[in-house]
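# Results of the structural survey
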Number of protein chains: 2
Amino acid sequence: MISLEQARARILAPLRATAAEVVALSEAWGRVAAVPVRARLTQPPRDVSAMDGFALCAADGRLGAVLRVVGSAPAGHPWEGTLRPGEALRIFTGSIMPAGADAVLLQEDAEFAGARVTVQEAVAVGRWIRPAGQDFASGDVLVQAGKRLNSRDIGLIAAGNHPWLSVHRRPRVAILATGDEIALPGEPIPAGGIVSSNSHALAALVRACGGEPVVLPVAPDDPASLAAAAAAASGMDMFVTTGGASVGQHDLVQSALGGLQVDFWTVAMRPGKPVIHGQLGDVPMLGLPGNPVSSLICGIVFLLPAIERLSGLPGEAPPVVQATLAAPLGANDQRADHLRATLAEGPDGALLVTAFARQDSAMLGVLARADALILRPPHAPALAAGASVPIIRLDALGL
Amino acid sequence: MISLEQARARILAPLRATAAEVVALSEAWGRVAAVPVRARLTQPPRDVSAMDGFALCAADGRLGAVLRVVGSAPAGHPWEGTLRPGEALRIFTGSIMPAGADAVLLQEDAEFAGARVTVQEAVAVGRWIRPAGQDFASGDVLVQAGKRLNSRDIGLIAAGNHPWLSVHRRPRVAILATGDEIALPGEPIPAGGIVSSNSHALAALVRACGGEPVVLPVAPDDPASLAAAAAAASGMDMFVTTGGASVGQHDLVQSALGGLQVDFWTVAMRPGKPVIHGQLGDVPMLGLPGNPVSSLICGIVFLLPAIERLSGLPGEAPPVVQATLAAPLGANDQRADHLRATLAEGPDGALLVTAFARQDSAMLGVLARADALILRPPHAPALAAGASVPIIRLDALGL
């Protein structure tokens, strides 16, 4: 039996980012840049006004001066002449400053009548002018390779004049539920059977992490069916099974998947001790427990970082924050525990966490109502209320 | 000029959740339940074993007792007989407990040879049995209406035997960039023009919030083009414009959108003072500034809650947390400010926030590099390093 951290490191070690594909900018939100994105132009391309007002020579901008307005240059309609002493040009936010001008008289500091403008507040050289390249210069890296693109990145890349982007292909993850007792939702349920929840919960998790789930047909508990299903995982970026509980998963997988090179098959964690990791031909294989809670929690601690790694991200442990225990916790045994818990805000703004009384790994309702998992390392001592504990915020992760 | 809070309340007030549509469970991740989802079965349907071992009568389970093994019942293959005194049944995790049995002898507490099993640890009535309905009973509400479905909800709903779900239709948000100076990325840029970043950044934000963006063709700054574009927004759940900077947006919108009932057109905030809100026929209209930073920040503070409200969620202000200032801040004026800032973890684990020195609303690069927005209420006093300030975590929101 190996530790959770060892297991995660061994799952992540062989994973490499998927190859790149080209997508339209409008489809790139949430994708991971495969190459650095460099600006294809300078922004602003030339010195522009930051305000509505008048461009002029700073030397002319003394209080009481009266200037001749030679034209108007809305953004998108630059004035091509050269401003001479005694002249002013009507400009607006984003207008290109005309040649000869080095100052902006704000609209609210100007009295404008006919073709004359009177300076009512002295101007300063360069004030209210955005210099060319203030935002970025052509060739600047706007977004580094390996960044997941948010809406601000999309805006910046658009401004950098990219209609297409190279992003990592979404990792394709084949998901196989096994077990004679398993029926898909809405289908006839065999005697003593249960409805399959694991494969679609894991598929949703894969989607939440930016992967592309491929849910395989349920395989009954016999080696031939399992082997046939495994063949369908060829070419996938990862093959995830979720075990029927009826037969020792390890034995079945060992016998069914002839070509499987097993790396490990038990992890010192709860829920989720029987986790198989290996390689089936070119495809990394992760065998998760059949209990729905175990399956999803193993998905969060192992599959989430694996999909991130495959997506071109660093792929580390799920983000952990500290919270304050609202009630005491008993000592832990030798297995890393993941207690389903609720969060509340304390009177002083502290994040209070309370473990559910029942932690049965078959209780999916409790997991669905949980806001967080309290992480209890092996042999963690008993803790009093008020102690600080590490938690994974499920609510914040959209899992 | 109204306050940011008043503006948000007036934007949200007329919005109603979209009607429901039916989607497959496998497409329901991230959608919002339109009706309560009730369990269609009881889980577990009958008493089941929580472990691998033997079912027996508790009275027989004393240390040293030898029982006759009458069969084996893997999960999915229930045993139909009735267990009699002196008998035991081989069972596994999830196996239905046979009639007559009221205890489980764990595999590791049993010596099993031929058809005999010897009790090596006394059993207790009910121990290691999951009672019928422990997870949920038929008719229980698994997920309330108005909840955005995460991967755990999907698992629970699958277990409750639902292949189809009623969810709120994704709000369709028409996005119109206006301005003579605007070109789409990769297209020819007019003299003095800039590449349109607002519409695709806002489209990504709409997508991040669970909406469906409809990006309209860019409209030049003339009333006829604007009016034609506005007609294209008919039937949408919301119409968002992002203004060309070349002409006073308010005047243009007023003249172009004959049917527009304006609610307000300026908000005491920075960046983003010129925000128009109104109603164009049946369609709520939100006019955002043309500056890319202003446009996106207004998107975060107004459009995000609006899309949530349209999606069937409560739709409140974006989530705010407290952080510790790493450097002092000057006093604020009368406009609610949103300072672009970076986050770091302090030596004591505190969340440290530092505002960028340059807060120009044309600097999209700074916004893209920001982890958070520091919220500065109107007339907020100067603050020393170490003070606690409210922030919006952009990184955590995927915006």
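Here the residue numbers are simple positions, counted from 1 along each chain's written sequence. Numbering of ligands from 1 and lettering of chains from A proceed in the order in which they are written. In keeping with the model being predicted, local features are shown solely for residues with a pLDDT of at least 70 and side-chain atom pairs are shown and tallied solely at 80 or more, while totals for entire chains, interfaces and linings include all residues. Hydrogens are left out, water is left out, and the side-chain values use all remaining heavy atoms of the structure.

## Section: the overall build of chain A
Segments assigned H or I by DSSP are reported as helices when at least four residues long, segments assigned E as strands when at least two residues long, and all are numbered from the N terminus. The helix and strand inventory of chain A stands at eight helices and 26 strands. The C-alpha extent of chain A, read off along each of the three principal axes, is 95 × 50 × 40 Å. The proportion of buried residues among the 399 residues of chain A is 53%. In what follows, a contact means two residues having at least one pair of non-hydrogen atoms within 4.5 Å. Long-range pairs, those at least 24 residues apart, make up 71% of the contacts in chain A with a sequence separation of at least 6. We treat Lys and Arg as the positive residues and Asp and Glu as the negative residues; His and chain ends play no part in the count. Charge placement uses NZ in Lys and CZ in Arg. For Asp and Glu, CG and CD serve respectively. Side chains of chain A carry 30 positive and 35 negative charges; the gap between the two charge centres is 3 Å. We call a residue buried when its accessible area falls under 20% of the maximum for its residue type, exposed when it is over 50%, and partly exposed in between, using a 1.4 Å probe and counting protein chains only.

## Observations concerning the pairing of strand β25 (residues 372-376) of chain B
Residues and elements named next belong to chain B. Counting buried residues in β25 gives five out of five residues, a clear majority hidden from the surface. Every second residue of β25 is oriented toward a common face, with Ala372, Ile374 and Arg376 on one face and Leu373 and Leu375 on the other, all of them buried. Pairing between strand β23 (residues 336-345) and β25: five bridges, direction antiparallel. When the bridges of β25 are listed, His338 appears paired with Leu375. Of the strand pairs in this sheet, β25 and strand β26 (residues 388-393) are connected by three bridges, and their pairing is antiparallel. Looking across to β26, one finds that Ile374 is bridged to Ile391. Strands are treated as partners if at least two bridges between them are detected by DSSP.

## Considerations on the domain arrangement of chain A
Segmentation into domains, and thus their bounds, comes from an automatic or database assignment. Its domain assignment divides chain A into domain 1 (4-17 + 170-311), domain 2 (20-43 + 135-168), domain 3 (48-130) and domain 4 (321-397). Relative placement of domain 3 of chain A and domain 4 of chain A: their C-alpha centres are 63 Å apart.

## Let's talk about the relation of the copies chain A and chain B
Least-squares superposition of the copies uses the C-alpha atoms of those residues scoring a pLDDT of at least 70 in each of them. Superposition of chain A onto chain B requires a rotation of 180 degrees combined with a translation of 0.0 Å along the rotation axis, giving an RMSD of 0.1 Å. What the superposition gives is, in effect, a two-fold axis relating one chain to the other. Rotation axis and chain A: the residue whose C-alpha lies nearest the axis is Ala396 of chain A, separated from it by 3.7 Å. Take the interface residues of chain A: 100% of them recur as interface residues in chain B, which is what a same-surface contact looks like.

## Thoughts on the sheet that holds strand β8 (residues 110-113) of chain A
Residue and element names in this part refer to chain A. Across the sheet, which stays open at both edges, the six strands sit in the order β7-β4-β6-β5-β9-β8 with mixed pairing between neighbours. Only two strands of the sheet have a single partner each, and these edge strands are β7 (103-106) and β8. The average undirected angle you get between the axes of adjacent strands in this sheet is 35 degrees. The pairing of strand β4 (residues 53-56) with strand β6 (residues 87-91) spans three bridges and is antiparallel. Pairing of Phe54 across the sheet is with Arg90, part of β6. Working convention: axes come from line fits to C-alpha atoms, limited for helices to the stretch in contact. Angles between N-to-C directions cover 0 to 180 degrees.

## As for the side chain of Arg340 of chain B
In this structure, Arg340 of chain B sits in strand β23. One buried charged residue, Arg340 of chain B, forms no salt bridge at all, with the nearest opposite charge on Asp337 of chain B at 4.9 Å. For salt bridges, the criterion is a side-chain nitrogen of Lys or Arg within 4 Å of an Asp or Glu carboxyl oxygen.

## Remarks on empty space enclosed by the protein
All names here are of chain A. Only protein atoms enter the 1 Å grid used here, on which a cavity is any set of points holding a 1.4 Å probe that cannot leave and a pocket is any open set flanked by protein within 12 Å on both sides along at least five of seven lines; residues with an atom within 4 Å of a point are listed as lining. Grid points are joined across faces, edges and corners, and a volume is the space filled by probe spheres set on the points. Applying the stated rule across the entire model yields six cavities of 30 Å³ or more. The volume enclosed by the largest cavity comes to roughly 470 Å³. A per-class count over the lining of the largest cavity returns 14 nonpolar, 14 polar and three charged. Taken as a whole, the second largest cavity holds about 60 Å³ of empty space. Around the second largest cavity sit Gly30, Arg31, Val32, Arg148, His168, Arg169, Arg170, Pro171, Gly210 and Ser311, which together line it. Amino acids are sorted into nonpolar (Ala, Val, Leu, Ile, Met, Phe, Trp, Tyr, Cys and Pro), charged (Asp, Glu, Lys and Arg) and polar (every other residue, Gly among them). The residue makeup of the lining of the second largest cavity, split by class, is two nonpolar, four polar and four charged. Mapping the lining of the second largest cavity onto the domain boundaries places at least three of its residues in each of domain 1 (4-17 + 170-311) and domain 2 (20-43 + 135-168).

## Quick look at the environment of Ala268 of chain B
In this fold, Ala268 of chain B is placed in the loop between β18 (260-264) and β19 (269-270). Contact partners of Ala268 of chain B, with chain neighbours within four places excluded, come to Met1, Ile2, Gln334, Arg335 and Ala336 of chain B.

## A word on the packing of helix α2 (residues 151-159) of chain A against helix α3 (residues 198-208) of chain B
A packed helix pair is summarised by two numbers, namely the angle formed by the two axes and the spacing between the axes. Two elements in contact, α2 of chain A and α3 of chain B, have axes whose closest approach is 8 Å; the angle formed by their N-to-C orientations is 160 degrees. Classified by the angle their axes make, α2 of chain A and α3 of chain B are roughly antiparallel. Our pair here, α2 of chain A against α3 of chain B, has a crossing hand that is right-handed. Side by side, α2 of chain A and α3 of chain B meet where Ser151, Ile154 and Gly155 of chain A of the first sit next to His200, Ala201, Ala204 and Leu205 of chain B of the second. Partitioning the contact of α2 of chain A with α3 of chain B into residue classes produces four nonpolar, three polar and no charged. Comment on the angle field: the value is read as roughly parallel under 35 degrees, roughly antiparallel over 145, roughly perpendicular from 65 to 115, and oblique elsewhere. Take the far helix as your reference; a near helix turned counterclockwise from it by less than a right angle gives a left-handed crossing, and one turned clockwise gives a right-handed crossing.

## Focus: the interface of chain A and chain B
Taken together, the contact between chain A and chain B spans 67 residues of the former and 67 residues of the latter. Contact between chain A and chain B buries roughly 5,500 Å² in total, counting both sides, with carbon and sulfur atoms accounting for 59%. Where chain A packs against chain B, one counts four salt bridges. A salt bridge links Glu27 of chain B to Arg207 of chain A; its shortest N-O distance comes to 3.9 Å. Elements with a contribution of two residues or more to the side of chain A that touches chain B: α2, β15 (194-195), α3 (198-208), α7 (364-369) and α8 (394-397) of chain A. Here the side of chain A that touches chain B gets eight residues from one element, more than from any other, and that element is α2 of chain A. Looking at the side of chain A that touches chain B residue by residue, the classes come out as 34 nonpolar, 22 polar and 11 charged. Reported buried area values correspond to the accessible surface (1.4 Å probe) lost by two parts on association, with both partners' losses combined.

## Observations concerning the pattern of salt bridges
Side chains that carry opposite charge are capable of pairing whenever their charged atoms lie near each other. As enumerated under the stated definition, the model contains 22 salt bridges over all chains in all. The partner of Asp263 of chain B in a salt bridge is Arg10 of chain B, and the shortest N-O contact between them spans 2.7 Å. Of this pair, Asp263 of chain B sits in strand β18 while Arg10 of chain B is found in helix α1 (residues 4-12), placing the two residues 253 residues apart along the sequence. Several salt bridges converge on common partners, so that one network encompasses Arg68, Arg84 and Glu87 of chain A.

## Notes on the confidence of the model for chain A
Low pLDDT marks stretches whose predicted atomic positions should not be read closely. The predicted model of chain A averages 92 in pLDDT, with 96% of residues at 70 or higher. Both scores are given for the predicted complex: the pTM is 0.93, the ipTM 0.93. One number per residue, pLDDT, summarises how confident the predictor is, and it ranges from 0 to 100.

## A word on the packing of aromatic side chains
Residues and elements named next belong to chain A. Pairing of aromatic side chains requires ring centres within 6.5 Å, counting the rings of Phe and Tyr and the six-membered ring of Trp. Pairs whose planes differ by under 30 degrees are stacked, by over 60 edge-to-face, and all others tilted. Evaluation of the coordinates by the stated rule reveals two aromatic pairs over all chains. Taken together, a centroid distance of 5.0 Å and an interplanar angle of 65 degrees make the contact between Phe54 and Phe112 edge-to-face. Note that Phe54 is positioned in strand β4 and Phe112 in strand β8, a separation of 58 residues in sequence. Geometry around Trp128 places Arg127 over its ring, the cationic atom sitting 3.8 Å from the centre. Working rule: Lys NZ or Arg CZ, within 6 Å of ring centre, within 35 degrees of ring normal, means a charge sits over the ring.

## Some details on the sheet that holds strand β16 (residues 212-215) of chain B
Residue and element names in this part refer to chain B. Reading across from one edge, β16-β13-β17-β21-β20-β18 is the order of the six strands in this open sheet, with mixed pairing throughout. The open sheet is flanked by β16 and β18, the only strands paired with a single partner. Direction aside, the axes of adjacent strands within the sheet are offset by 25 degrees on average. Relative to strand β20 (residues 276-280), β18 runs antiparallel, the two being bridged by four bridges. Each bridged residue has a counterpart across the sheet, and for Val262 the counterpart in β20 is Gly278. Taken strand by strand, α3 contacts β13 (172-177), β16, β17 (238-242) and β21 (283-288), and its axis lies near 165 degrees from that of β16.

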